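Listed below, chain by chain, are the residues.
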Amino acid sequence: MIKPEAKLNSKIFENDVEKKPIRDGFGTGVVKAGEENKNVVVLTADLNESTRTEAFSKKFPERFFEIGIAEQNLASVASGMAHIGKIPFATSYAMFNPGRNWEQIRTTVAYNNQPVKIVGSHAGLTTGPDGGTHQALEDMALMRVIPNMVVISPCDAIEAEKATVACAKNNQPTYLRLCREKTPVITTNETSFEIGKAQVLFQSKINFDEDLDFTIFATGFLVHNALVAAKELSEATGLLKKTKLKIAVINIHTIKPLDTDLILKYAKHSKMIFTVEEHQIAGGMGSAIAEFLAEKNPIKIGFIGVRDQFGQSGKPFELIEKYGLDAEGIKKQILAIISKK
Amino acid sequence: MLAGSGHTAGSLGMADIFTYLYFHELKHDPKKPNWSERDLFVLSNGHICPGLYATMAHAGYFPVSELKTLRKFGSRLQGHPHRTELPGIETSSGPLGSGLSQAIGMALAIRLDETRTTNRFVYCTLGDGELNEGQNWEAFMLAAKYKLQNLIVIIDRNNIQIDGYTEDVMPLNDLAAKLESFNWHVQEIDGHNFEMIDDAIGQAKAVFNRPSVIIANTIPGKGVVEFERRPEWHGKTPNEEEAKMALKELRTIGGKIECEQTN
């Protein structure tokens, strides 16, 4: 059942649940951040409207910089501005930022330890018709392997707004992953958000000393699909010859630094875990968790994500279904693995 | 020589310009490297940092004796500059082509805070081989778009890069014409002539509606006849014998004056 402490959207499982693009949350968040701190500046690489920096550019035109289609320049100019005390949000599509300018981010942002925020929008398969060249499925891996870099993947527009405001204050190089499409609003304004602190959103009732059958760690808008899958699996009877499966779902909005305390706690009390992300399995959020648990608490892991493939053109949620990342697809993969035991 | 690796030719070639900047032109305070009103110097061609480190030491940023630690484990004088290691270094560099972008970011931020009345200047040196990197040209376009009058670029036109002479490896041809067409104010000088350097910087500072670039024609390895104009000295260090010979030649200006220092 949904954890009441998480203060989630009460309509989360309804068919008419409110939907908003995660990138919209960044758009409103960066205006808020700009209001709170006059040193916040925004740079874009010819994608003002689609990365949602337009509102900021109209409210603070002197603090908005159009760099043109030049992502390498984008990252390094942002670094230079940070050196003079600005808090720059350098925005473009994730495939180009950090895709194209990875080295500039590594050297001029991370190695220089400048508090630049790299905002990668249109990440994942849901970029849709533009096709595989534009669907970043490797960006979390690219950013998390760099020292000093904080990596955040918000689950909905409300969380994205909070994440934007929070990372403007964290004084660290930060990567913020956004996506294009309208996705379900999972959280509310009252849901807590702290960089580096994961949230338990769903947990079956278990007895003292009893283990969960599995915990799902999910990130991005797929948190919603994971919740739907968990709800249906936990209500079904007769699976695995049990009365009911005991499941928890945790929102990993911060890929780096991971909330290792919470992850360890749930790994210790679960028979196995699953990870769900709109990203290659190689190097993604699941991989990060596996690295940590392999050292501290080895446990069987079922990775759910993109299996070493590129994206392709299609309707956004048609692609999600084809790649097995909708709620049904997640359920199927989970059942296939837990039945094998 | 003590480090066992490093970049000789460019360090020697730019010594005059470094001297001019750190001992005459830059508004700075070696005892207050974070002084909020200082001019900024960005070394985009970070590999010639031995020249910069030596200049900074003599200017008082850190003890001259620390120069012996170049490239050694634990040293603040990293093989390529690391911003967070050494006070007075404005940015890390080494991977070529990023310095100008960063200098632009600094100039833009200063102008945002202080408007175009600012008298804080950002100086950025680039190598000529470095101009092969496309990011530089993104940066040239952007600086012209924003008419960055407080940005002054100095290109070390020494005609060498690792694989040979620049005009053989990747011809730059008429560099001045290229930069003029990008809407920069362009000057060409002898990079070893202090009067020309002084005049050019003065002109550059006086230009208001465009960023300025000074193409400094330099001799790589300047001052040691055996090193001069040879591409192989780009990334090579002298052995002990070569170092002794070179230091003697530099200190006596090719035998023209006496010098007591022997080590």
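Trainee: Can you explain the packing of helix H3 (residues 71-83) of chain A against helix H5 (residues 134-145) of chain B? Please cite residues and give values.
Mentor: Between H3 of chain A and H5 of chain B, whose axes approach to 9 Å, the crossing angle comes to 70 degrees. Relative to H5 of chain B, the element H3 of chain A lies roughly perpendicular. Two packed elements cross with a definite hand, and for H3 of chain A against H5 of chain B that hand is right-handed. Listed contacts from H5 of chain B to Gln72, Asn73 and Val77 of chain A of H3 of chain A are Gln135, Glu138, Ala139 and Leu142 of chain B. Here the residues of the contact of H3 of chain A with H5 of chain B are counted per class, giving 3 nonpolar, 3 polar and 1 charged.

Trainee: Describe the sheet that holds strand S6 (residues 150-152) of chain A, naming the residues involved and giving the relevant values.
Mentor: All names here are of chain A. Taken together, 7 strands build an open sheet; the order of strands is S3-S2-S4-S5-S7-S6-S12 and the sheet is mixed. Every other strand in the sheet has two partners, leaving strand S3 (64-66) and strand S12 (254-256) as the edge strands with one partner each. For this sheet the average axis-to-axis angle between neighbouring strands, irrespective of direction, equals 20 degrees. With 5 bridges connecting them, strand S4 (residues 87-93) and strand S5 (residues 117-121) associate as parallel partners. Counterpart to Thr91 in the pairing with S5 is Val119. Helix H1 (residues 22-36) rests against strand S2 (40-44), S4, S5 and strand S7 (174-177) of the sheet, and its axis sits at about 140 degrees to S2.

Trainee: Got a sec to walk through the environment of Asp39 of chain B? Specific residues and values, please.
Mentor: Residue and element names in this part refer to chain B. Secondary-structure assignment places Asp39 in the loop between helix H2 (15-25) and strand S1 (40-43). For Asp39, a count of 19 C-beta atoms within 10 Å gives the class partly exposed. In this structure, the C-alpha to C-alpha distance between Asp39 and Val122, residues 83 residues apart in sequence, is 5.9 Å. In this structure, Asp39 is in contact with Leu26, Lys27, His28, Arg120, Phe121 and Tyr123, ignoring residues within four places of it in sequence.

Trainee: Account for the sheet that holds strand S14 (residues 301-306) of chain A, with residues named and values stated.
Mentor: Whether parallel or antiparallel, the strands of a sheet pair through hydrogen bonds between backbone atoms. All names here are of chain A. Strand order in the open sheet formed by 5 strands is S9-S11-S10-S13-S14, and the pairing between neighbours is mixed. Lying at the two open borders of the sheet, with one neighbouring strand each, are strand S9 (199-203) and S14. Neighbouring strand axes in the sheet, compared pairwise and without regard to direction, differ in orientation by 20 degrees on average. Here strand S10 (residues 212-218) runs beside strand S11 (residues 247-251); their pairing, made up of 5 bridges, is parallel. The partner of Thr215 across the bridge, within S11, is Ala248. Contacts from helix H9 (residues 285-296) reach S10, strand S13 (270-280) and S14, with the element oriented near 145 degrees to S13. Packing of helix H11 (residues 327-340) onto the sheet brings it into contact with S10, S13 and S14, and relative to S14 it is tilted by some 150 degrees.

Trainee: Account for helix H6 (residues 157-167) of chain A, naming residues and giving values.
Mentor: Among the 11 residues in H6 of chain A, 11 count as buried, and that is most of the element. Buried residues along H6 of chain A sit in contact with strand S1 (19-21), H1, S5, S6 and S7 of chain A.

Trainee: Summarise H5 of chain B; cite the residues concerned and give the values.
Mentor: Between its first and last C-alpha, H5 of chain B extends 17 Å over 12 residues, near the 16 Å set by a 1.5 Å rise per residue. Among the structural elements, H3 of chain A together with helix H4 (99-114), strand S2 (122-127), strand S3 (151-157) and helix H7 (175-181) of chain B are those in contact with the buried residues of H5 of chain B. Directly after H5 of chain B, the chain includes Lys147 of chain B, whose backbone phi takes a positive value near 50 degrees.

Trainee: Let's hear about the interface of chain A and chain B: which residues, and what values?
Mentor: Contacts between the two partners involve 23 residues from chain A, matched on the other side by 21 residues from chain B. Of all the elements in the fold, those that place two or more residues in the side of chain A that touches chain B are H3 and helix H4 (102-111) of chain A. Split by residue class, the side of chain A that touches chain B holds 8 nonpolar, 11 polar and 4 charged.

Trainee: Which residues make up the nonpolar core, and what values go with them?
Mentor: Membership of the largest hydrophobic core comes to 172 residues, with the highest contact counts inside it found for Ile216, Ala226 and Val249 of chain A together with Ile104, Val122 and Tyr123 of chain B. Ranked by residue count, the leading element in this core is H4 of chain B, at 8 residues. Of the residues that make up this core, three or more belong to each of domain 1 (20-184) and domain 2 (194-340) of chain A. Those residues within four positions of Ala226 of chain A in sequence are excluded, and the remaining contacts are Ile216, Ala218, Val249, Val276 and Ile330 of chain A.

Trainee: Describe the pairing of S5 of chain A, with residues and values.
Mentor: All names here are of chain A. With 5 of its 5 residues buried, S5 lies for the most part within the structure. Of the two faces of S5, the one lined by Lys117, Val119 and Ser121 and the one lined by Ile118 and Gly120 are each fully buried. As for the winding sense of the linkage, the β-α-β connection from S4 through H4 to S5 is right-handed. As judged from the 4 bridges shared by S5 and S7, these two strands associate in the parallel manner. Along S7, the bridge assignment pairs Ile118 with Tyr175.

Trainee: Tell me about unusual backbone geometry, and name the residues and values.
Mentor: All names here are of chain A. Residue Pro257 is bonded to the preceding Lys256 through a cis peptide linkage, with omega at 0 degrees. The topology assignment puts Pro257 in the loop between S12 and helix H8 (260-268). At Asp308, a position not held by glycine, the phi torsion is positive, near 55 degrees. For Asp308, the position within the fold is in the loop between S14 and helix H10 (316-322).

Trainee: Provide a residue-level description of the pairing of S2 of chain A, including the pertinent values.
Mentor: All names here are of chain A. Among the 5 residues of S2, 5 are classified as buried, and the element is accordingly described as predominantly covered. Covered by surrounding structure in S2 are Val40, Val42 and Thr44 together with Val41 and Leu43, the residues of both alternating faces. Note that S2 and S4 share 5 bridges and pair parallel. Residue pairing in the sheet places Val40 in a bridge with Ile87 of S4. Note that S2 and S3 share 3 bridges and pair parallel.

Trainee: Got a sec to walk through the packing of H3 of chain A against H4 of chain A? Specific residues and values, please.
Mentor: All names here are of chain A. At their nearest, the axes of H3 and H4 sit 9 Å apart, and the two run at 5 degrees to each other. The angle between the axes of H3 and H4 places the two elements in the roughly parallel class. The residues of H4 that touch H3, namely those facing Gln72, Ala75, Ser76 and Ser79, are Gln104, Ile105, Thr108 and Val109.

Trainee: Which residues make up the domain arrangement of chain A, and what values do they have?
Mentor: Residue and element names in this part refer to chain A. Assigned domains within chain A: domain 1 (20-184) and domain 2 (194-340). Computed from C-alpha atoms alone, the centre-to-centre distance between domain 1 and domain 2 is 26 Å. With 32 residues of domain 1 at the contact, the number on the domain 2 side is 30 residues. If you list the elements that add at least two residues to the side of domain 1 that touches domain 2, you get helix H5 (139-144), S6, H6 and strand S8 (182-184). If one sorts the elements of the side of domain 1 that touches domain 2 by residue count, H6 sits on top with 4 residues.

Thresholds, definitions, all that
Residues numbered from 1 in each chain as written. Chains lettered and ligands numbered in written order. Predicted model: local features only at pLDDT ≥ 70, side-chain atom pairs only at ≥ 80, totals over all residues. Axes fitted to C-alpha atoms, helices over the stretch in contact; angles between N-to-C directions. Helix = DSSP H or I, 4+ residues; strand = E, 2+ residues; numbered from the N terminus. Parallel < 35°, antiparallel > 145°, perpendicular 65-115°, else oblique. Left-handed = near helix turned anticlockwise from the far one by under 90°. Contact = placed C-beta atoms within 7 Å. Nonpolar A, V, L, I, M, F, W, Y, C, P; charged D, E, K, R; others polar. Pairing = 2+ DSSP bridges. Buried ≥ 20, exposed ≤ 12 C-beta atoms within 10 Å, placed from the backbone. Expected span 1.5 Å × (residues − 1). Core = buried A, V, L, I, M, F, W, Y, C linked by C-beta atoms within 7 Å. Domains from an automatic or database assignment. Right-handed = clockwise from strand over helix to strand, strands pointing away.

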